[in-house]
Amino acid sequence: MATKEKRTIGRKNAKTAAPLIGIIMGSQSDWATMRFGAEVLESLDIPHEVRIVSAHRTPKRLYEYAQGAKGRGLKVIVAGAGGAAHLPGMTASLTELPVFGVPVESQALKGQDSLLSIVQMPAGIPVGTLAIGKAGAINAALLAAAVLALTDAKLAKRLAAYRQRQTDAVAHAPSREG
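This is a predicted model, so every value here is computed, not measured.

*Asks:* Would you take a moment to explain the pairing of strand 4 (residues 76-81) for this structure?
*Replies:* Put simply, side chains in a regular strand alternate between the two faces of the sheet. For strand 4, a buried count of six out of six residues is recorded, marking the element as mostly surrounded by other parts of the structure. Where burial is concerned, the two faces of strand 4 agree: the one with V76, V78 and G80 and the one with I77, A79 and A81 are both buried. As judged from the five bridges shared by strand 2 (residues 21-25) and strand 4, these two strands associate in the parallel manner. Residue G22 lies in a different strand from strand 4, and its bridge partner there is I77. Taken together, strand 4, helix 3 (residues 87-94) and strand 5 (residues 99-103) form a β-α-β motif whose crossover is right-handed.

The following block contains the structure:
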């Protein structure tokens, strides 16, 4: 994804439906983690958008994105950030929408710095904080989907089917091969 490219994704609905979930990240390198959340949303056929919005390098873009998100029809924002990881908290301070934060693994502290930055929000500015890395991106997408499924019966069925596939994929006994 080029840094200036704007993407709206959703298998069947990409051209007709407005995005319901925004996935934002602080830099291109964060896409290596956040793409897993996007893949979950694609598998559930949830229209979403993907943007690079840096709290430190593009503060005006962050302000415009967060302030305009609800008016553009977004229902949930998933924000991934590494290092100082201010993006989820700053986004939450600028919108009434639920914001789920994904700590992106950093080289120096393996994502612990990001986790602590995102999870330690002051009272009144909530950010739902997920696990570090790939698991966090996947779970943030599933949590965002669950929020939407509260008022969308078709999505609720797709989400239940997704979870059932996970359950069905678990073996009853370990393989002797590995």
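So, next bit.
*Asks:* Would you mind showing me how to read the confidence of the model for the protein chain here?
*Replies:* Keep in mind that low pLDDT regions are not for reading the predicted coordinates in detail. Per-residue confidence for the protein chain gives a mean pLDDT of 92, with 90% of residues at or over 70. Counting contacts from residues 1-5, a segment whose pLDDT is below 50, to residues more than four positions away or on other chains yields six contacts.

*Asks:* Even after reading the chapter, I still don't get the pattern of salt bridges, so can you show me in this structure?
*Replies:* Pairs can form between side chains of opposite charge once their charged atoms are near each other. For the structure shown, the criterion picks out four salt bridges. Notably, a salt bridge pairs E49 with R51, separated by 3.3 Å at the nearest N-O pair. Residue E49 shares its accessibility class with R51, and that shared class is buried.

*Asks:* Is there a simple way to explain the packing of helix 2 (residues 59-69) against helix 3 in this structure?
*Replies:* Axis angle and axis distance: for two packed helices, these are the angle between their axes and the distance between the axes, and together they describe the pair. Helix 3 packs onto helix 2 with a crossing angle of 50° between their chain directions and a minimal axis gap of 8 Å. Taken together, the axis directions place helix 2 and helix 3 in an arrangement best described as oblique. Seen along the crossing, helix 2 lies across helix 3 with a hand that is right-handed. Across from L62, Y63, A66 and Q67 in helix 2, the residues of helix 3 making contact are L87, M90, T91 and L94. Looking at side-chain class alone, the contact of helix 2 with helix 3 contains six nonpolar, two polar and no charged residues.

*Asks:* Sorry if this is basic, but what is going on with the packing of helix 1 (residues 31-43) against helix 5 (residues 134-149) here?
*Replies:* Across the interface, helix 1 lies against helix 5 with an axial gap of 7 Å and an inter-helix angle of 30°. It follows from the interaxial angle that helix 1 and helix 5 lie roughly parallel. In this structure, the crossing between helix 1 and helix 5 has a hand that is right-handed. Each of T33, M34, F36, G37, V40 and L41 in helix 1 lies in contact with helix 5, whose residues at this interface are K134, A137, I138, A141 and L142.

*Asks:* Just to check I follow, could you spell out the side chain of S54 for this structure?
*Replies:* Its place among the elements puts S54 in the loop between strand 3 (48-52) and helix 2. Polar contacts involving the side chain of S54 include one to the main-chain amide nitrogen of R57, which spans 2.9 Å.

Here is what the cut-offs are and how they apply
Residues numbered from 1 in each chain as written. Predicted model: local features only at pLDDT ≥ 70, side-chain atom pairs only at ≥ 80, totals over all residues. Heavy atoms only, no water. Buried < 20%, exposed > 50% of the residue type's maximum accessible area, 1.4 Å probe, protein only. Helix = DSSP H or I, 4+ residues; strand = E, 2+ residues; numbered from the N terminus. Pairing = 2+ DSSP bridges. Right-handed = clockwise from strand over helix to strand, strands pointing away. pLDDT = per-residue confidence, 0-100. Contact = heavy atoms within 4.5 Å. Salt bridge = Lys/Arg side-chain N within 4 Å of Asp/Glu carboxyl O. Axes fitted to C-alpha atoms, helices over the stretch in contact; angles between N-to-C directions. Parallel < 35°, antiparallel > 145°, perpendicular 65-115°, else oblique. Left-handed = near helix turned anticlockwise from the far one by under 90°. Nonpolar A, V, L, I, M, F, W, Y, C, P; charged D, E, K, R; others polar. Polar contact = N/O pair within 3.5 Å; in protein donor to acceptor, adjacent residues only side chain to side chain.

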